[in-house]
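Results of the structural survey
Chain by chain, the residues run as shown.
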Amino acid sequence: AQDPLDFEWSYWIEWGRERILWLLAGHLLVSQMCRLFVQKYKPWCLMVYGMAACWFLLGIKGFAVILLYAAISFAVAQFQISLLTWLCSLVLLSTLRIPAVEEAKRKWYDTENEYYLLLFTVSVRCLFYTSFSLEYCWHGPAQKSSHSFLWMLAYVFYYPMFHNGPLINFDEFSKQMRKQEAFSLKTNLGILIVGVIRIFFWWCLAELMIHLMYIHAICSSSPLEAVSYWALGGLALAQVLFFYVKYLVLYGVPALLLQMDGLKPPALPRCVSLMHSFTKMWRSFDVGLHRFLVRYIYIPMGGSQSSLPGMLFSTALTFAFVSYWHGGQSYLWYWGALNWLGVIVENGVKRILSVSLIQDLI
């Protein structure tokens, strides 16, 4: 028997087996046909396929919600005010947590799993709306043709990243999607075979951990106060190692499809055992999310170029958004605050150690 208590793994594996893997295979077929015969129309063919897949999985109402959110976000972006765009994104995100709206959406589906699929998909889509709208605000009238509503839909409904990420910012996506390049079916087939073998190995490893280690069951059933610090440390390490292997699979599949489409996916998570700093962990675990946070929150708020209070504030705002986007429960605020503290302490120590007097002492 396997440890059933990692909800995320069980959930996505079940959906993958039932429908999502088949829809991803359909996307792969459409994209390769487009690259062979109609390269010029590839973004629009993939957009139509993504919309059809969304309609098939989430129904007409789920599809309408995603389309409506995109339209609202695009309309607000016309004012070209970044703050207004951010307020719109936060309001759209907050609608996912209104009890009456939640209940209404639950009634659209026969099972909780279908409702959760809509919830997860819309949460990830909110990052995509925000990325497109902010890029729209920052670009002049000369570039407006490449920031049309049609391009927004091509970005939002691009299927490999649709339900769970990873995230690519709109400027990177559109630049790469426009690129006309030589295409070799033989080369792509080689990439696909190697990629599938690697993902299959990671999946087997994750299943082995789920069937043999029972990390989540131990954490939820044992009184952890009675456990020694060494055992707690081991459990914590086992949790993050499983989390790492899990995301090699969950991000590895879309990353492979991105490669097959001629796009450059964000780097896959780096092994947590090689990490020794908070900053590095944030930079190299979810690379797409890190780039989003830096480009749209950290740098616009001043980032490392501002004064010390400014840097503290922009970092705090970044972690506050991450906590809110993940669900905004109290434990997530504690998690965000501890991460913020870790990054601040680490950067503070680095600054102290870079002073020439301290360097001479060392």
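Note that the structure is a prediction, hence the values are computed from the model and not measured.

1. Structural notes on the packing of aromatic side chains
Under the counting rule described, the total for this entry stands at 39 aromatic pairs. A ring pair is formed by W86 and F321, whose centres lie 5.2 Å apart and whose planes are at 75 degrees; its orientation type is edge-to-face. You can see W86 sitting in helix α3 (residues 82-94) and its partner F321 sitting in helix α13 (residues 308-325), a full 235 residues away along the chain. What makes W86 buried here is its relative accessible area of 15%. Among the aromatic residues, ring-to-ring pairing joins F74, F128, F132, Y136, F149, Y155, Y158, F170 and F173 into one connected group. Directly above the aromatic system of Y324 lies the positively charged group of R97, at a separation of 4.6 Å from the ring centroid. Above the ring of F128, the side-chain terminus of R125 is found at 4.0 Å from the ring centroid.

2. Side note on the domain arrangement of the chain
Under the domain assignment used here, the chain contains domain 1 (7-179) and domain 2 (267-361). Considering only the side of domain 1, the residues that lose the most area to domain 2 are W86, R97 and L127, jointly responsible for 36% of the buried surface there. The partner of R291 in a salt bridge is E172, and the shortest N-O contact between them spans 3.6 Å. Connecting domain 1 to domain 2 are 7 residue pairs in polar contact (both at pLDDT 80 or more). Elements with a minimum of two residues in the side of domain 1 that touches domain 2: α3, α5 (112-138) and α7 (170-178). At 8 residues, α5 tops the list of elements feeding residues into the side of domain 1 that touches domain 2. The class makeup of the residues in the side of domain 1 that touches domain 2 is 9 nonpolar, 5 polar and 4 charged.

3. A closer look at a positive patch on the surface
Together, R270, K280, R283 and K350 give the surface a local cluster of positive charge. Following the sequence through the fold, K350 ends up in helix α14 (residues 330-354). Assessed through its relative accessible area of 47%, K350 is described here as partly exposed.

4. Focus: the confidence of the model for the chain
On average, residues of the chain score 90 in pLDDT, and 98% of them reach the 70 mark or higher. When mean pLDDT is taken per element in the chain, helix α2 (residues 42-77) scores highest with 96 and helix α9 (residues 215-221) scores lowest with 79.

5. Let's talk about the packing of helix α8 (residues 185-212) against helix α10 (residues 229-260)
It is the contact of α8 with α10, at a shortest axis distance of 9 Å, that shows an interaxial angle of 160 degrees. Overall, the two elements α8 and α10 adopt an arrangement that is roughly antiparallel. Considering only the axes of α8 and α10, their crossing is left-handed. Where α8 abuts α10, its residues N188, I191, L192, G195, V196, I199, W202, W203, L205, A206, M209 and I210 lie against A238, L241, F242, V245, L248, V249, G252, V253, L256, Q259 and M260. Across the contact of α8 with α10, the residue classes break down as 19 nonpolar, 4 polar and no charged.

6. Some points on unusual backbone geometry
At the junction of G165 and P166, the peptide bond is cis and its omega measures out at 5 degrees in the coordinates. Relative to the elements of secondary structure, P166 occurs in the loop between α6 (149-156) and α7.

7. Some thoughts on the pattern of salt bridges
Within the structure shown, the criterion is met by 7 salt bridges. Connected through salt bridges with shared partners, the residues D6, E8 and K246 form a single ionic network.

8. Observations concerning α10
Side chains that are three or four residues apart share a direction in an α-helix, a result of its 3.6 residues per turn. Taking 1.5 Å of rise per residue, 32 residues should cover 46 Å, and α10 covers 46 Å from first to last C-alpha, within 8% of that figure. Where α10 bends most, the angle comes to about 35 degrees, and this point is G252, followed within four residues by the proline P254. Note on α10: the residue one or two positions beyond its end, G262, has a positive phi of about 85 degrees.

Quick notes on the rules
- Residues numbered from 1 in each chain as written.
- Predicted model: local features only at pLDDT ≥ 70, side-chain atom pairs only at ≥ 80, totals over all residues.
- Heavy atoms only, no water.
- Phe/Tyr/Trp six-rings, centres within 6.5 Å; stacked < 30°, edge-to-face > 60°.
- Helix = DSSP H or I, 4+ residues; strand = E, 2+ residues; numbered from the N terminus.
- Buried < 20%, exposed > 50% of the residue type's maximum accessible area, 1.4 Å probe, protein only.
- Lys NZ or Arg CZ within 6 Å of the ring centre and 35° of its normal.
- Domains from an automatic or database assignment.
- Buried area = accessible area lost by both parts, 1.4 Å probe.
- Salt bridge = Lys/Arg side-chain N within 4 Å of Asp/Glu carboxyl O.
- Polar contact = N/O pair within 3.5 Å; in protein donor to acceptor, adjacent residues only side chain to side chain.
- Nonpolar A, V, L, I, M, F, W, Y, C, P; charged D, E, K, R; others polar.
- Patch = residues over 30% accessible without salt bridge, like charges linked within 9 Å, V, L, I, M, F, W, Y side chains within 5 Å.
- Areas by Shrake-Rupley, 256 points an atom, 1.4 Å probe, with all protein chains shown as cover.
- Lys, Arg positive; Asp, Glu negative; His and termini not counted.
- Charge placed at Lys NZ, Arg CZ, Asp CG, Glu CD.
- pLDDT = per-residue confidence, 0-100.
- Axes fitted to C-alpha atoms, helices over the stretch in contact; angles between N-to-C directions.
- Parallel < 35°, antiparallel > 145°, perpendicular 65-115°, else oblique.
- Left-handed = near helix turned anticlockwise from the far one by under 90°.
- Contact = heavy atoms within 4.5 Å.
- Expected span 1.5 Å × (residues − 1).
- Bend = angle between axes of the 7 residues up to and from the residue.

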